[in-house]
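Next come the chains, spelled out residue by residue.
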Amino acid sequence: YLLPGRTGRIDGLIGTMLLELGYSVVGHNIDDSFQKLKFSQQVEKVKNDLNNSFFDKESRVIASSYGAYLFLHAVLERGEFKGKALLFSPMLGRSRLMPNRPVVSPSRNKKILEYKKENKLPFMDIEVHTGLEDEICDPELAKEIFEEMESCKLVLVANASHRLDKDYIKNVLVDFCST
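Everything numeric in this text was worked out from a predicted model, so none of it was measured. (Residues numbered from 1 in each chain as written. Predicted model: local features only at pLDDT ≥ 70, side-chain atom pairs only at ≥ 80, totals over all residues. Heavy atoms only, no water.)

**Student:** Is there a simple way to think about helix α1 (residues 13-20) in this case?
**Tutor:** Since the α-helix turns once every 3.6 residues, residues separated by three or four places project in the same direction. Within the span of α1, buried status applies to Ile14, Gly15, Met17 and Leu18. Seen from one end, α1 has its buried residues packed into an arc of 160°, which puts them on one side. Once α1 finishes, Gly22 follows within two positions and takes phi at roughly 95°, a positive value. (Buried < 20%, exposed > 50% of the residue type's maximum accessible area, 1.4 Å probe, protein only. Helix = DSSP H or I, 4+ residues; strand = E, 2+ residues; numbered from the N terminus. Arc of directions from axis to C-beta.)

**Student:** Is there a simple way to think about the packing of helix α3 (residues 39-53) against helix α4 (residues 66-78) in this case?
**Tutor:** Two measures define how a pair of helices packs: the angle their axes make with one another and the distance between the axes. Close contact between α3 and α4 brings their axes to 8 Å; oriented N to C, the two are set at 70°. When the axis of α3 is compared with that of α4, the two are roughly perpendicular. Of α4, the residues touching α3 (which contributes Phe39, Gln42, Val43, Glu44, Val46, Lys47, Leu50 and Asn51) are Tyr66, Tyr69, Leu70, Phe71, His73, Ala74, Val75, Glu77 and Arg78. The residue inventory of the contact of α3 with α4, partitioned by class, reads 10 nonpolar, three polar and four charged. (Axes fitted to C-alpha atoms, helices over the stretch in contact; angles between N-to-C directions. Parallel < 35°, antiparallel > 145°, perpendicular 65-115°, else oblique. Contact = heavy atoms within 4.5 Å. Nonpolar A, V, L, I, M, F, W, Y, C, P; charged D, E, K, R; others polar.)

**Student:** When you look at the side chain of Lys116 in this model, what are you seeing that I'm missing?
**Tutor:** When you line up the elements, Lys116 lands in helix α5 (residues 111-117). Those residues in contact with Lys116 that sit more than four places away from it in its chain are Leu121, Glu144, Ile145 and Glu148.

**Student:** What is the right way to read the layout of surface pockets from this model?
**Tutor:** In this approach, a probe sized like a water molecule rolls over the atoms, and the result shows the empty space that is left. Estimates place the volume of the largest pocket at around 600 Å³. Taken together, 24 residues line the largest pocket, and the ones lying closest to its centre are Gly5, Ser64, Ser65, His162 and Arg163. Of the residues forming the lining of the largest pocket, the biggest block, three residues, is contributed by α1. Of the residues assigned to the lining of the largest pocket, the class counts are 11 nonpolar, nine polar and four charged. (1 Å grid on protein atoms, 1.4 Å probe; cavity = no way out; pocket = protein on both sides within 12 Å on 5 of 7 lines; lining within 4 Å. Points joined across faces, edges and corners; volume = space filled by probe spheres on them.)

**Student:** Is there a simple way to think about the pattern of salt bridges in this case?
**Tutor:** Note that side chains of opposite charge can pair when their charged atoms are close. All told, the structure shown has five salt bridges when counted by the stated rule. Here Glu140 makes a salt bridge to Lys143, at a shortest N to O gap of 3.7 Å. Here Glu140 pairs with Lys143, and both are found in helix α6 (residues 139-146), just three residues apart, close to one helical turn. On the basis of relative accessibility, which here comes to 27%, the residue Lys143 falls in the partly exposed class. (Salt bridge = Lys/Arg side-chain N within 4 Å of Asp/Glu carboxyl O.)

**Student:** Would you mind going over the sheet that holds strand β5 (residues 152-157) with me for this structure?
**Tutor:** Through backbone hydrogen bonds, the strands of a sheet pair up, either in parallel or in antiparallel fashion. As summarised here, the arrangement of the five strands in space is β1-β2-β3-β4-β5, forming an open sheet in which the pairing is parallel. Only two strands of the sheet have a single neighbouring strand rather than two, namely β1 (2-3) and β5. Pairing geometry for β1 and strand β2 (residues 60-64), over two bridges, is parallel. Counted as the bridge partner of Leu2 is Ile62 from β2. (Pairing = 2+ DSSP bridges.)

**Student:** Before we go on, may I ask you to explain the packing of aromatic side chains in this structure?
**Tutor:** Aromatic ring pairs are reported here in terms of the distance separating the ring centres and the angle at which the planes meet. Following the criterion strictly, the structure yields four aromatic pairs and no others. Ring geometry for Phe71 and Phe81: centres 5.2 Å apart, planes at 90°, overall edge-to-face. A residue pair is termed long-range when its members are at least 10 positions apart, and Phe71 in helix α4 and Phe81 in the loop between α4 and β3 (84-88) qualify at 10 residues. The same class applies to Phe71 as to Phe81, namely buried. Among the aromatic residues, those joined into a cluster by ring pairs are Phe39, Tyr66 and Tyr69. (Phe/Tyr/Trp six-rings, centres within 6.5 Å; stacked < 30°, edge-to-face > 60°.)

**Student:** Is there a simple way to think about the nonpolar core in this case?
**Tutor:** Side chains of a nonpolar character, in soluble globular proteins, are inclined to be buried together. Counting residues in hydrophobic clusters, the biggest one holds 39 residues, and the most contacted among them are Leu50, Phe71, Leu72, Leu87, Ile126 and Phe146. Where this core is concerned, the elements lending two or more residues are α3, β2, α4, β3, α5, β4 (125-131) and α6. It is α4 that provides the largest number of residues to this core, a total of nine residues. With near-sequence residues (within four places) excluded, Leu50 lies in contact with Tyr1, Phe55, Val61, Phe71, Ala74, Val75, Arg78 and Phe81. Within the second largest apolar cluster, 16 residues are counted, among which are Val25, Phe88, Leu173 and Cys177. (Core = buried A, V, L, I, M, F, W, Y, C linked by side-chain atoms within 4.5 Å.)

All quantities given are derived from atomic positions and should not be read as evidence of function.
Encoded structure:
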């Protein structure tokens, strides 16, 4: 199950790589029609997919940027995710404060961190990869949320921004899909 970032398509970079590796790909395009939905409706669509088709420990979710944000909010609403998740450069709340960069602040931008602080994050087998120079996913916020999370592998990629290198992504996908 693939959830790309804003304006992303399941036949984009990650989806194409998965197809080339011999996997089938389903998910949501985060296109104009999807983005016109209210945030709660977007999360509800993802939550329904998880409830209907990706609810057991064999389930695999791969999400990037805004798609990862939607996935995490759907899991918070569900209260669990039994499968394995791989997140690339996940949006986790307000974007990183950087000179000459606009701040992105999505709906419910404090919810994930609040759940972490209140020890309410559901148990998840999750792998997170984000660049140390990511201008959207603040690596410090990623560390705060995921570093001490049981069964979480957090990788902060040196010299990388929000768009991780294609070869890096492919190697991570190969490892993730083989487990």
